[in-house]
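Below, each chain spelled out in residue letters.
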Amino acid sequence: MTADASPARRIDGKAFAGLLVSRVAAAAARLTANHAMRPGLAAVIVGEDPASRIYVRSKGERADEAGFRSETVQLPAETGQAELLAVIDRLNRDPGIHGILVQLPLPDRIDPEAVLAAIDPNKDVDGFHVVNVGRLATGGQGLVPCTPLGCLMLLKAELGDLSGLEAVVVGRSNIVGKPMAQLLLAENCTVTLAHSRTRDLPAVCRRADILVAAVGRPEMIRGDWIKPGATVIDVGINRVPSADPVKAAEGRTRVVGDVAFAEAAAVAGRITPVPGGVGPMTIACLLANTYVAACRSAGVTPEPLDA
């Protein structure tokens, strides 16, 4: 069965992200009008990596569209750790900046853990600081990593109340897998965090009402791993050779997820495509986190953004 003939509903992350950005922009405008507080987002990038530059530029453009103050700090490739930490210190002390992100990866000579630890946790809109990790794990009020937050928003928009559902997260990274599991636990799901050493991984996946694939292996999750009617969230973004042999010989590639989409879509009830699923939600949630951080700095209760 082809993907076009499949029964699964495609979850349109691009459309949802656009709606979320519109909500953030409207809420930010009210924050500015009522409290003279304009959310500010600063992105720091070291070096000339083309993919990182494109991504940071996209973040800046979306921040501008939302009416934020947006600052990009472009540092040369030879920048040392002390210089980078000095930039972060300046941004930590800037009252007009409410969100700070440092684009990864960094040059090998710079310790990313030291850099992330230097960011004020209340401005850590990527949600990577150990303080925010601890707040998430203990049910506190922190900033949540953007990709899992976006996944959760999509799930709640599609399914409503998640209580009692069995969720399996494949992948245990600090960026997606672990925080995704914590978010699902907070929604009263029964959660299994699976990984490359999980015994009989296909059988574990087949238990899932919600299956989140965040393992970084192209099309690893096959159609016969999916419980009929399950909701599948594919976080993977993998470049593989083009399916066209001529294009593949020319070195051209295509983007696929961690899930074999056509197979899974023939079984699942709902599924995110790649591209166009989870990816657009990451930047939208970055803006949402920046808005929330600005509200908290002003002592204002943030407006709900997922309603």
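Predicted, not measured: the structure shown is a model, and the values here were computed from it.

This brings us to the overall build of the protein chain. For the protein chain, the count of helices and strands is 11 helices and 11 strands. Its C-alpha atoms give the protein chain a radius of gyration of 20 Å, near enough to 19 Å, the size a compact globule of 307 residues would have. Along the first, second and third principal axes, the C-alpha set of the protein chain runs to 55 × 45 × 35 Å. By the burial criterion, 49% of the 307 residues in the protein chain qualify as buried. A sequence separation of at least 24 residues applies to 67% of the contacts in the protein chain between residues at least 6 apart. As presented, the protein chain carries roughly 14,000 Å² of accessible surface, and 53% of it is formed by carbon and sulfur atoms. Where the 32 positive side-chain charges of the protein chain centre and where its 33 negative ones centre are 2 Å apart.

Glancing now at helix H6 (residues 146-159). For H6, with 14 residues, the first-to-last C-alpha span of 20 Å sits near the 20 Å given by 1.5 Å per residue. Within H6, 11 of the 14 residues are buried, which leaves the element mostly enclosed by the surrounding structure. Among the residues making up H6, those that are buried are Cys146, Thr147, Pro148, Leu149, Gly150, Cys151, Leu152, Met153, Leu154, Leu155 and Glu158. Backbone geometry just downstream of H6 places Gly160 in the positive-phi region, at approximately 75°.

Next up on the list: the sheet that holds strand S2 (residues 40-46). Across the sheet, which stays open at both edges, the three strands sit in the order S3-S2-S4 with parallel pairing between neighbours. Each edge of the sheet is formed by a strand with only one pairing partner; in this case those strands are strand S3 (69-75) and strand S4 (99-102). Adjacent strand axes in the sheet meet at a mean angle of 15° when their direction is disregarded. Relative to S4, S2 runs parallel, the two being bridged by four bridges. Each bridged residue has a counterpart across the sheet, and for Ala42 the counterpart in S4 is Ile100. Packing against the sheet, helix H3 (residues 81-93) makes contact with S2, S3 and S4, and its axis sits at approximately 165° to S3.

Turning to its location among the elements, Arg239 is positioned in strand S9 (residues 238-241). Taking relative accessible area as the criterion, Arg239 reaches 62% and is therefore assigned exposed. With 18 residues separating them in the primary sequence, Arg239 and Gly257 have C-alpha atoms 8.7 Å apart. Within the local environment of Arg239, its side chain forms a polar contact with the side chain of Thr253, the two groups lying 3.1 Å apart.

A separate point is the sheet that holds strand S11 (residues 270-271). Spatially, S1-S11-S8-S7-S5-S6 is the arrangement adopted by the six strands of the open sheet, whose pairing is parallel. Either end of the sheet is taken by a strand with one partner, and the two such strands are strand S1 (9-10) and strand S6 (190-194). Relative to strand S7 (residues 210-213), strand S5 (residues 166-170) runs parallel, the two being bridged by four bridges. The residue of S7 that forms the bridge with Val170 is Ala213. Its contacts with the sheet place H6 against S1, S7, strand S8 (231-234) and S11, and it is angled at close to 155° to S8. Lying on the sheet, helix H7 (residues 177-186) is in contact with S5, S6 and S7; it crosses S6 at an angle near 170°.

Calculation rules
Residues numbered from 1 in each chain as written. Predicted model: local features only at pLDDT ≥ 70, side-chain atom pairs only at ≥ 80, totals over all residues. Heavy atoms only, no water. Helix = DSSP H or I, 4+ residues; strand = E, 2+ residues; numbered from the N terminus. Rg over C-alpha atoms; globule rule 2.2 N^0.38 Å. Buried < 20%, exposed > 50% of the residue type's maximum accessible area, 1.4 Å probe, protein only. Contact = heavy atoms within 4.5 Å. Areas by Shrake-Rupley, 256 points an atom, 1.4 Å probe, with all protein chains shown as cover. Lys, Arg positive; Asp, Glu negative; His and termini not counted. Charge placed at Lys NZ, Arg CZ, Asp CG, Glu CD. Expected span 1.5 Å × (residues − 1). Pairing = 2+ DSSP bridges. Axes fitted to C-alpha atoms, helices over the stretch in contact; angles between N-to-C directions. Polar contact = N/O pair within 3.5 Å; in protein donor to acceptor, adjacent residues only side chain to side chain.

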